[in-house]
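# A structural walkthrough
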Amino acid sequence: MGKRIILLIVALQFIACSELQKIASQLPQSSALTDSQIGAGLREALDNGISHQVTKLTAKDGFYKNELVKILLPSELQVVDKGLRKIGLGSLADEGIKALNRAAEDAVKTATPIFVNAVKEITFDDAKNILLGSDNAATGYLKGKTNSALYSKFNPVIKNSFSKVGADDIWSNLITKYNNIPFVKRVNPDLTDYVTKEALEGVFTMIAVEEKGIRNKIGLRNSDLLKKVFALQDNR
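Here goes a summary of the coordinates provided.

Calculation criteria
- Residues numbered from 1 in each chain as written.
- Predicted model: local features only at pLDDT ≥ 70, side-chain atom pairs only at ≥ 80, totals over all residues.
- Heavy atoms only, no water.
- Salt bridge = Lys/Arg side-chain N within 4 Å of Asp/Glu carboxyl O.
- Helix = DSSP H or I, 4+ residues; strand = E, 2+ residues; numbered from the N terminus.
- Buried < 20%, exposed > 50% of the residue type's maximum accessible area, 1.4 Å probe, protein only.
- Axes fitted to C-alpha atoms, helices over the stretch in contact; angles between N-to-C directions.
- Parallel < 35°, antiparallel > 145°, perpendicular 65-115°, else oblique.
- Left-handed = near helix turned anticlockwise from the far one by under 90°.
- Contact = heavy atoms within 4.5 Å.
- Nonpolar A, V, L, I, M, F, W, Y, C, P; charged D, E, K, R; others polar.
- Phe/Tyr/Trp six-rings, centres within 6.5 Å; stacked < 30°, edge-to-face > 60°.
- Lys NZ or Arg CZ within 6 Å of the ring centre and 35° of its normal.
- Polar contact = N/O pair within 3.5 Å; in protein donor to acceptor, adjacent residues only side chain to side chain.

### Points about the pattern of salt bridges
Under the defined criterion, the tally for this structure stands at ten salt bridges. Measuring nitrogen to oxygen at the nearest pair gives 2.9 Å for the salt bridge that ties aspartate 61 to arginine 102. In this pair, aspartate 61 is assigned in the loop between helix 2 (35–52) and helix 3 (78–86) and arginine 102 in helix 4 (residues 90–121), connecting sequence segments 41 residues apart. For the salt bridge of glutamate 201 with lysine 143, the shortest nitrogen-to-oxygen distance reads 2.8 Å. With glutamate 201 in helix 8 (residues 191–216) and lysine 143 in helix 6 (residues 137–164), this residue pair connects regions lying 58 residues apart in the sequence. Under the relative-accessibility criterion, glutamate 201 is labelled partly exposed at 36%. Through salt bridges with shared partners, a single network forms among Asp61, Lys65, Arg102 and Glu105.

Below, the structure is given as structure tokens:
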């Protein structure tokens, strides 16, 4: 009787080990990835954000009709908007907002290689923790590491786009008309600086949209590397 019990215990242990091995073989092998491989996967996700989402910003109305990134007037220019509408120049105020967005659309089209290079050159100090972070952790890390450098490269592109799409003339006329309204406080805003910051924010917003998609939808992981890397965060 004792031998039978021992044999039964051994058999159960064997079956348990066999089942555990079977389960283990079905688990993703992402945990074996190096930090370097995880970093490469994060860069690929960010690249996808540029190719799939940021390029949408370069089309006509890419900013203007996208509520996630549409550039509105800064708070100090809300008085300009209201003042012009009060004297029947609402259409000019609308044209001014559209011009800011047109400049951003044109600039992003020209500057897309700047963003591609920023992703290519970024190194992840702790890739695994970023992978296991929030839905936009990689985008946030990219923003923190590159925002200042991107601003200095992107600002002159915005300035050129202002002239190219006629936004500088529109806003010069708009501000002149507002400043000629009796008793108003005159304004002279730095719109190039403002649109540069807003356009950059729009770029990061759209990259984050793609990152979130890749993290939450397996079907968007369109390469073996993305599948292996983001399988690890599926188990967090």
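After that view of the structure, there is still more to cover.
### Side note on the packing of helix 4 against helix 8
Remark: helix 4 packs on helix 8, axes separated minimally by 10 Å, with the N-to-C direction vectors making an angle of 60 degrees. Between helix 4 and helix 8, the crossing angle belongs to the class labelled oblique. Every pair of crossing elements has a handedness; the one defined by helix 4 and helix 8 is right-handed. Where helix 4 abuts helix 8, its residues Leu100, Ala104, Val108 and Phe115 lie against Leu191, Val195, Ala199, Leu200 and Val203. Its residues assigned to classes, the contact of helix 4 with helix 8 shows nine nonpolar, no polar and no charged.

### Some details on the packing of aromatic side chains
Using the criterion set out here, one finds two aromatic pairs in the structure. When the ring of phenylalanine 124 is compared with that of tyrosine 141, the centres are 5.2 Å apart and the planes differ by 25 degrees; the resulting orientation is stacked. Taken as a pair, phenylalanine 124 in the loop between helix 4 and helix 5 (127–131) and tyrosine 141 in helix 6 lie far apart in primary sequence, 17 residues in all. By relative accessible area, which is 16% here, tyrosine 141 ends up buried. Residue placement shows lysine 70 over the ring face of tyrosine 64; its charged tip is 4.6 Å from the ring centre.

### Here we look at the side chain of threonine 139
With respect to the element layout, threonine 139 can be found in helix 6. For threonine 139, a relative accessible area of 4% corresponds to the buried category. Side-chain polar atoms of threonine 139 contact the side chain of glutamate 211, separated by 2.6 Å. Once residues lying within four places of it in the same chain are set aside, the contact partners of threonine 139 are Leu46, Phe204, Ile207, Ala208 and Glu211.

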